[in-house]
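So the chains spell out like this:
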Amino acid sequence: MTDKKFLVKCYSKIKNLIKFNEFLNDANESIDRHWETTYMFNKDILENKKCIDVGIWYGVCNAYALEKLNLQTTHGIDPNKDSLDICSKLLTDTKLYSTIDDVNETIDTDIIFMLGLIPFFGDKWKEHLNNIFQKINAKYLIMRHQTYTDPTAKFTNIDKKEYNILGLTDYSQTANVDDVVWFLQENQWRLIKTNKLNPNSNTDSGNVYTFEKYGQKTL
Ligand SMILES: C[S@@+](CC[C@H](N)C(=O)[O-])C[C@H]1O[C@@H](n2cnc3c(N)ncnc32)[C@H](O)[C@@H]1O
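Conventions adopted
- Residues numbered from 1 in each chain as written.
- Predicted model: local features only at pLDDT ≥ 70, side-chain atom pairs only at ≥ 80, totals over all residues.
- Near = placed C-beta within 6 Å.
- Nonpolar A, V, L, I, M, F, W, Y, C, P; charged D, E, K, R; others polar.
- Helix = DSSP H or I, 4+ residues; strand = E, 2+ residues; numbered from the N terminus.
- Pairing = 2+ DSSP bridges.
- Axes fitted to C-alpha atoms, helices over the stretch in contact; angles between N-to-C directions.
- Contact = placed C-beta atoms within 7 Å.
- Core = buried A, V, L, I, M, F, W, Y, C linked by C-beta atoms within 7 Å.
- Buried ≥ 20, exposed ≤ 12 C-beta atoms within 10 Å, placed from the backbone.

1. Points about the site of the ligand
Next up, step 1: In the vicinity of the ligand there are 21 residues, among which Ser30, Gly55, Trp57, Gly116 and Phe120 approach most closely.
Next up, step 2: Grouping the constituent residues of the shell around the ligand by class yields 11 nonpolar, eight polar and two charged.

And the structure:
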């Protein structure tokens, strides 16, 4: 169990929005999945910085990172209204948008997070990434992604973490990792770190990739 005291404090802000056990399980799973592998692995980059999270979900890890690393999530994007309602209570200073199309400003930041997001862009992933990069300037990009061994596997949590605006129900249109890494490197994002999460596996199951933008400065 991750920092239960922290999660109970979070719950006190959202108790009319979600049942306690449901929040505890979901939030715990998210912090377990991302804290060490993504945040602590990139601590040198994240401490005392600003970020935007595309696919922010409830923003639990972001709230934890604000406390532990003084990482401020100034902006978040997620099309799931229920998630954004919870997020808006946990991260009261974060500006939230439903989709990148709603972003009506140029956002200058230090880091862009995209954790488990690429499958929900389907085969339009290049267009979605280009839209994001047209509106957001950052020095680092942290992505969690994998090539799915069974692309016909259905999304299992479609009403929540696998919610998407394209009506996708499985991974059949999901870009493979090599194509995404290649595309990013062609667009001046240099891959600087990979956290291979399952070193015993021959697949790239759920790795974390950190990219740095050529010539870009932190804020
Ligand atoms: C696998 S979850 C991400 C996990 C989350 N960051 C965490 O802390 O555990 C993917 C998220 O992306 C969101 N999403 C789906 N399509 C999106 C889009 N076009 N733009 C932004 N977010 C999107 C989903 O609603 C979901 O909350």
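We are not done yet, so read on.
2. Remarks on unusual backbone geometry
Next up, step 1: Backbone geometry places Trp57, a non-glycine residue, at a positive phi of 55°.
Next up, step 2: Structurally, Trp57 can be placed in the loop between strand E1 (50–54) and helix H4 (60–69).
Next up, step 3: At Asn70, a residue that is not glycine, the phi angle is positive and equals roughly 50°.
Next up, step 4: Within the secondary structure layout, Asn70 lies in the loop between H4 and strand E2 (72–77).

3. Section: the sheet that holds strand E3 (residues 95–97)
Next up, step 1: Reading across the sheet, the seven strands line up as E3-E2-E1-E5-E7-E9-E8 and stay open at both edges, with mixed pairing between neighbours. Taken across any chain shown, the strands that pair with only one partner, and hence form the sheet edges, are E3 and strand E8 (189–195). The sheet shows a mean angle of 20° between the axes of neighbouring strands, direction not considered.
Next up, step 2: The sheet strands contacting helix H7 (residues 177–186) are strand E7 (140–145), E8 and strand E9 (207–213), and the helix crosses E8 at an angle near 140°.

4. Focus: the nonpolar core
The tendency in soluble globular proteins is for nonpolar side chains to be buried as a group.
Next up, step 1: Of all hydrophobic cores here, the largest spans 52 residues; its most connected members are Val60, Ile111 and Ile112.
Next up, step 2: Every residue in contact with Ile112, bar those within four places of it in the chain, is listed here: Ile52, Val54, Ile136, Ala138 and Leu141.

5. Describing H4
Next up, step 1: The complete set of buried residues in H4 reads Val60, Cys61, Asn62, Ala63, Tyr64 and Ala65.
Next up, step 2: Where the residues of H4 are buried, they touch helix H1 (4–14), helix H2 (20–39), helix H3 (43–46), E1, E2 and helix H5 (81–90).
Next up, step 3: Looking at the residues trailing H4, positive phi occurs at Asn70, about 50°.

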